[in-house]
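Each chain is listed here by its residues.
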Amino acid sequence: MADRVLVIGSGGREHALAWKLAQSPRVKQVFVAPGNAGTADNGKISNSAVSVSSHAALAQFCREEEIRLVVVGPEVPLAAGIVDDLTAAGVRCFGPTAAAAQLESSKSFTKAFLDRHEIPTARWKSFTDPKAACSFINSANFPALVVKASGLAAGKGVIVASNKEEACKAVTEIMQDKTFGTAGETVVVEELLEGEEVSCLCFTDGITIAPMPPAQDHKRLMDGDEGPNTGGMGAYSPAPQISKDLLQKIRDTVLQKTVDGMRKEGVPYFGVLYAGLMLTKDGPKVLEFNCRFGDPECQVILPLLKSDLYDVMQAVIEKKLSSSMPVWLEDSAAVTVVMASEGYPGTYPKGLEITGLSKAKQLGLEVFHAGTALKDGKVVTSGGRVLTVTAIKEDLMTALQEANKGIAAIHFKGAIYRKDIGYRAIAFLRKSRGLTYKNSGVDIAAGNTLVQKIKPLAAATSRSGCSAELGGFAGLFDLKAAGYKDPILVSGTDGVGTKLKIAQVCKRHDTIGQDLVAMCVNDILAQGAEPLFFLDYFACGKLDVEVAEGVIAGIAEACKKAGCALLGGETAEMPGMYPPGEYDLAGFAAGAVERGQMLPQLERIAEGDVVIGVASSGVHSNGYSLVRKIVEKSSFDFSSPVGASGDQTLGDLLLTPTKIYSKTLLPVLRSGHVKAYAHITGGGLLENIPRVLPESFGVVLDALTWKIPEIFCWLHKEGNLSEEELTRTFNCGIGAVLVVQKELAQQVLKDIQGHEAAWLIGKVVSLQKGSDRVKVHNMLRALQANRSLSVRSHIQGKIQTGKVKVAVLISGTGTNLEALINSTKKPTSFAQIVLVVSNKAGVEGLRKAERAGIPTRVIDHKSYESRTEFDSAVDKVLEEFSVELICLAGFMRILSGPFVKKWEGKILNIHPSLLPSFKGANAHKLVLEAGVRVTGCTVHFVAEEVDAGAIIFQEAVPVKIGDTVETLSERVKEAEHRAFPAALQLVASGAVQVGEAGKIYWK
């Protein structure tokens, strides 16, 4: 069930918080109090007039509106104890208590705290007497030129003087002239530090910290850091000046020590901790702490967050952050630029109209409102810092260029803004540096780290003949030490195929290593060989040590199961060869068999010999390209629950590791009773068994004699596979077969059944000319007997983050609905269907949606007196599901003008002709009557005039001689099934938008 959230505040930071929270599928509504023009009736986001100063009234509002989370943006309410009061009233609140917020509200408290816990900071002293402060400034043995109001001063209470005279003047202004009011009753005078100033923020639950990408704010009003101090004129993130090593140092010596220190002092800190740091030659030193997101840092950091912000905040409150660490965009940079009013940070005019906001949005930029208000339907200025424009691109320079384009598109009288946000970082990046191997994308240090991590894993696989020590140029194996007298060496190599794709999509890397080992060692068993050692090959574009370690840990564990040593391997980091997050695997197994025990023994195989089947664990590692295609075309995906309990996903089931048969079957193979062994690998039952038979023999199998795992029944049904396709591609539940003499079959079967499920599944027969070498009887009956696997769609109640939410309106079968569903099921889809609405009950389109697990609603138009009332009922349901786009798929109602106007640029329809030709009903008839040779279909935005909206996508269809309305209609429908999904993806991705005057805008 989705929740309501309340954000406290009215600035750009609060708009960014509401924007990010609204993206969560667990959030249905975000109130902002008091908010601004940007948070007024913006999708899920709306403003509230509730008083934020009266905590009792606020708590009552939260109870009445069923608010599940309050997020506090600015510092003043935190210092006033809003979290304490709301928590006491039973309202969940994200942010520190008033006692913990002293880290920001009292600079003298903070400096003393830093000293107590030996956290690096500037030398300092606090004063309540201005004369004593000036005396200290003049006598200190360090440059005591930074004067701070100890209390809260809206980010402006710090004066950096250029000399002692200016510093003393600042003391006078703060303490005697009350420039910052009561915030200046105590001042802190501290050492002027030299270096680069940066901001490092983190989430914390009082124990664990989760750092955010470092940022840099620009306090001065004008380019080149000229002009007066402000609350911040822009920021960028990540700051390249902070290397991974330096960030780790800041994490350990500042952020973690602060959180630990607060907890030790009995004041646990929850929420966001912001450390303003100076990167000095002696290392990072704390300038100040903020107890919330910075502004404008929030607007530049949150767009880089991949994780669900609501989930992260709940994990903080529940002290479970360690198990829900946030994930951030990689290889991306964000820049935010502030537009301020003329006269800021002094006095400034208000009520000036702001234009061009939609143009900035069309450029793909995020505009976060701060000092804005609505007046007579227009957005006007109402504060000093008016708004921010944020761009996210692959590098800092491009992001700044894009943000400046957005600034240029927005206008209000006297607007002030900087054009050089990020200039320090750009200068840092442009410094001439010699190229390194790491610059090219190969991280030798990461590779060395991996080797150290996997050395003990390999060593644990040592066996007689081999010590399995990694690090040499080659590995050694002593066959004599392994007990061999007259051995024949046997080798095999294999991979895992596109099962890897599923592992990578599901982020399950712990079992794929067993698949790799099993595919190789099961193959060499066909020669009767014992696997002795194994080598692996791991290839990727960018080495993720954690992922690689997981894979190789699985390989090592599988080697132990197989009885072979992990003797060595190759980790190949090849930038540009593989997309991010993808890797490939290959394996090489070497084994040995005594000369007289080799298999198959073709000369011994005779008609009447019995075929024993040994159970597989499932699909093993073959046929996954077909598996993935079946899943892609189905209404399910790899996260769909399976089985009665639903506690396993389809991905989990398909990733069940391949069985390793060497230890269990090797004693049987060495007994002398087995004439042949076949590994049922690529090629299924039909192509693998003949590989170990004389050409004059084949086998007949009875599928009713063994247990077929349910996954094969599901694949057969969902993929509409023929028996031949099934048995030629998959193992169908038989991972290996053994050929034995009839008289010995029961004994061998009994020996195998002590370790593995196995059955007598067929016999060897003489081959008639032209007949199939493998015949499988009763396969359909066996599939029906074993079919019970339930696969359910996971969509209902679990909307995928980051995808545009789509509703489809239908009246019957839902023309094109199935094509839209299949398109949006793909991992690459930018859209997700969250609702299907029909104006008629019991129609086939509703059943299609229900089979796909998509929520449905029936709104009968006959129950309403007018089109407007009916459309209003539809609109209410669309809002309930937070719908962002509408597709009309055979919806036989004309939408009212107010509805179309509200959803302008958000409704897609398809027409069976190449518009603007042949509008209205009977298009195919009109086409044939006109005698044109080409028609087609058109996907367009819906306008008040029928079939007149801006065209998004068209596909041509030739008119053939002899075509009737029916034959032409069928071919156009096929084109519609391609065109409508394509158009939806274009709109959902933002590639196509409606601009001014209803014109199409291509991004």
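Residues numbered from 1 in each chain as written. Predicted model: local features only at pLDDT ≥ 70, side-chain atom pairs only at ≥ 80, totals over all residues. Heavy atoms only, no water.

## As for the overall build of the protein
- Each helix and strand in the protein was counted, giving 32 helices and 43 strands.
- Over its C-alpha atoms, taken along the principal directions, the protein stretches across nearly 110 × 85 × 55 Å.
- When each of the 1003 residues of the protein is scored for burial, the buried share is 54%.
- In the protein, once contacts between residues fewer than 6 apart in sequence are set aside, the share between residues at least 24 apart is 74%.
- Carbon and sulfur atoms make up 51% of the accessible area of the protein, which amounts to about 42800 Å² in all.
- A distance of 1 Å separates the average location of the 110 positive side-chain charges in the protein from that of its 110 negative side-chain charges. (Helix = DSSP H or I, 4+ residues; strand = E, 2+ residues; numbered from the N terminus. Buried < 20%, exposed > 50% of the residue type's maximum accessible area, 1.4 Å probe, protein only. Contact = heavy atoms within 4.5 Å. Areas by Shrake-Rupley, 256 points an atom, 1.4 Å probe, with all protein chains shown as cover. Lys, Arg positive; Asp, Glu negative; His and termini not counted. Charge placed at Lys NZ, Arg CZ, Asp CG, Glu CD.)

## A look at the sheet that holds strand E10 (residues 196-204)
- Pairing in this open sheet of four strands is antiparallel, and the strands run E11-E10-E16-E17 from one edge to the other. On the outer flanks of this sheet lie strand E11 (209-211) and strand E17 (283-290), each paired with one strand and no other. Strand-to-strand twist of the sheet, defined as the mean angle between neighbouring strand axes without regard to direction, takes the value 35°.
- By the bridge criterion, three bridges tie E10 to E11 in an arrangement that is antiparallel. The partner of cysteine 202 across the bridge, within E11, is proline 211.
- Sitting on the sheet, helix H9 (residues 244-264) touches E10, E11, strand E16 (271-280) and E17, and the angle it makes with E16 is about 130°. (Pairing = 2+ DSSP bridges. Axes fitted to C-alpha atoms, helices over the stretch in contact; angles between N-to-C directions.)

## A closer look at the pairing of E17
- Along E17, seven of the eight residues are buried, which leaves the element largely enclosed by surrounding structure.
- Judged from the seven bridges that link them, E16 and E17 form a sheet pairing that is antiparallel. Bridge pairing links threonine 280 to glycine 283 in E17.
- Linkage of E16 to E17, two consecutive antiparallel strands, is achieved through a turn of two residues.

## Concerning the packing of helix H16 (residues 499-506) against helix H19 (residues 624-633)
- The interhelical angle for the contact between H16 and H19, taken along N-to-C directions, is 50°, at an axis separation of 8 Å. On the basis of their axis angle, the class for H16 and H19 is oblique. Contacts between H16 and H19 involve Lys499, Lys501 and Ile502 on the former and, on the latter, Tyr624, Val627 and Arg628.
- Its residues assigned to classes, the contact of H16 with H19 comprises three nonpolar, no polar and three charged. (Parallel < 35°, antiparallel > 145°, perpendicular 65-115°, else oblique. Nonpolar A, V, L, I, M, F, W, Y, C, P; charged D, E, K, R; others polar.)

## Some points on the pattern of salt bridges
- The full count for this structure, using the stated rule, is 43 salt bridges.
- As a salt-bridge pair, arginine 26 and aspartate 311 come within 2.5 Å of each other at their nearest N and O atoms. Pair noted here: arginine 26 is in the loop between helix H1 (12-22) and strand E2 (27-34) and aspartate 311 is in helix H11 (residues 309-317), with a separation of 285 residues, a long-range link.
- The class for arginine 26 is partly exposed, based on a relative accessible area of 37%.
- Between glutamate 687 and arginine 728 there is a salt bridge whose closest N-O contact spans 3.0 Å. Of this pair, glutamate 687 sits in helix H22 (residues 684-688) while arginine 728 sits in helix H24 (residues 723-729); the two residues are 41 residues apart in sequence, bridging distant segments of the chain.
- By relative accessible area, glutamate 687 is classed as partly exposed at 40%.
- Overlapping salt bridges bring together Glu196, Asp223, Asp225, Arg418, Asp420 and Arg424 as one network. (Salt bridge = Lys/Arg side-chain N within 4 Å of Asp/Glu carboxyl O.)

## Section: a negative patch on the surface
- Where like charges cluster on the molecular surface, the negative patch consists of Glu330, Asp331, Asp544 and Glu546.
- You can see aspartate 331 is positioned in the loop between H11 and strand E18 (333-340).
- With relative accessibility at 64%, the residue aspartate 331 sits in the exposed group. (Patch = residues over 30% accessible without salt bridge, like charges linked within 9 Å, V, L, I, M, F, W, Y side chains within 5 Å.)

## Notes on the packing of aromatic side chains
- Enumeration according to the criterion identifies 13 aromatic pairs in this entry.
- With a centroid separation of 5.2 Å and 75° between ring planes, the pair formed by tryptophan 19 and phenylalanine 368 is classed as edge-to-face. A residue pair is termed long-range when its members are at least 10 positions apart, and tryptophan 19 in helix H1 and phenylalanine 368 in strand E19 (residues 366-369) qualify at 349 residues.
- Residue tryptophan 19 is classed as buried on the basis of its relative accessible area, which comes to 18%.
- With 6.3 Å between their ring centres and 20° between their planes, phenylalanine 109 and phenylalanine 113 make a pair best called stacked. Of this pair, phenylalanine 109 and phenylalanine 113 both sit in helix H6 (residues 107-116), separated by four residues, roughly a single helical turn.
- For phenylalanine 113, a relative accessible area of 0% puts it in the buried group. (Phe/Tyr/Trp six-rings, centres within 6.5 Å; stacked < 30°, edge-to-face > 60°.)

## Quick look at H6
- Of all the ten residues making up H6, seven are buried; the element is thus mostly covered by neighbouring parts of the structure.
- Of the positions making up H6, those classed as buried are Lys107, Ser108, Phe109, Thr110, Lys111, Phe113 and Leu114.
- Phi for glutamate 118, located one or two positions after H6, is positive at around 55°.

## Comments concerning the side chain of histidine 218
- Mapped onto the secondary structure, histidine 218 falls in the loop between strand E12 (216-217) and strand E13 (220-222).
- Polar contacts involving the side chain of histidine 218 include one to the main-chain amide nitrogen of glycine 422, which spans 3.0 Å.
- Ignoring anything within four residues of it in the chain, the contact list for histidine 218 reads Thr230, Gly232, Met233, Gly234, Ala235, Tyr236, Arg418, Asp420, Ile421, Gly422 and Tyr423. (Polar contact = N/O pair within 3.5 Å; in protein donor to acceptor, adjacent residues only side chain to side chain.)

## Observations concerning the state of the cysteines
- Under the criterion given, the structure shown has zero disulfides.
- Left unpaired, cysteine 200 is separated from the closest cysteine sulfur, that of cysteine 202, by 9.3 Å.
- No disulfide involves cysteine 559; its sulfur sits 3.9 Å from that of cysteine 564, the nearest cysteine. (Disulfide = S-S within 2.5 Å.)

## Observations regarding the packing of helix H27 (residues 817-825) against helix H32 (residues 965-988)
- The N-to-C vectors of H27 and H32 enclose an angle of 45°; their axes lie 9 Å apart at closest approach. Judged on the interaxial angle alone, H32 and H27 are oblique. The crossing of H27 and H32 is right-handed. Contacts between H27 and H32 pair Ala819, Leu820, Ser823 and Thr824 from the former with His977, Phe980, Pro981, Leu984 and Gln985 from the latter.
- Of the residues assigned to the contact of H27 with H32, the class counts are five nonpolar, four polar and no charged. (Left-handed = near helix turned anticlockwise from the far one by under 90°.)

## Digging into unusual backbone geometry
- Here the amide bond leading from tyrosine 344 into proline 345 is cis, since omega sits at 10°, within 30 degrees of zero.
- Look at the link from leucine 599 to proline 600: it is a cis peptide, with omega at -5°.
- Within the fold, proline 600 resides in the loop between strand E26 (583-594) and strand E27 (610-615).
- At aspartate 41, a position not held by glycine, the phi torsion is positive, near 50°.
- Mapping aspartate 41 onto the fold places it in the loop between E2 and strand E3 (45-47).
- Aspartate 41 gets classed as exposed once you look at its relative accessible area, which sits at 69%.
- The backbone of glutamate 118 sits at a positive phi, close to 55°, despite the residue not being glycine.

## Focus: the sheet that holds strand E1 (residues 3-9)
- Taking strand neighbours across the sheet as the criterion, the five strands line up as E3-E2-E1-E4-E5 in an open arrangement whose pairing is parallel. Only two strands of the sheet have a single partner each, and these edge strands are E3 and strand E5 (93-94).
- Taken together, the two bridges between strand E4 (residues 67-72) and E5 define a ladder with parallel strand orientation. Note that in E5 the partner of valine 71 across the bridge is phenylalanine 94.
- Packing of H1 onto the sheet brings it into contact with E1, E2, E3 and E4, and relative to E1 it is tilted by some 170°.
- Along the sheet, H11 contacts E1, E2, E4 and E5; its crossing angle with E4, the most-contacted strand, is approximately 90°.

## Thoughts on the environment of leucine 878
- Here leucine 878 shows up in helix H29 (residues 867-880).
- Sequence separation of leucine 878 and valine 837 is 41 residues, and the distance between their C-alpha atoms is 9.0 Å.
- Aside from chain neighbours lying at most four places away, what touches leucine 878 is Ala807, Leu835, Val883, Ile886, Phe899 and Trp903.

## Re the pairing of E26
- Most of E26 is tucked away, with nine of its twelve residues classed as buried.
- The sheet contact formed by strand E23 (residues 487-495) and E26 spans nine bridges and is antiparallel. Across the sheet, serine 491 pairs through a bridge with alanine 590, a residue of E26.
- With ten bridges joining them, strand E24 (residues 530-540) and E26 adopt antiparallel strand pairing. Residue pairing for E26: phenylalanine 538 is matched across the bridge by leucine 585.

Spatial relationships are all this shows, so hold off on functional conclusions.
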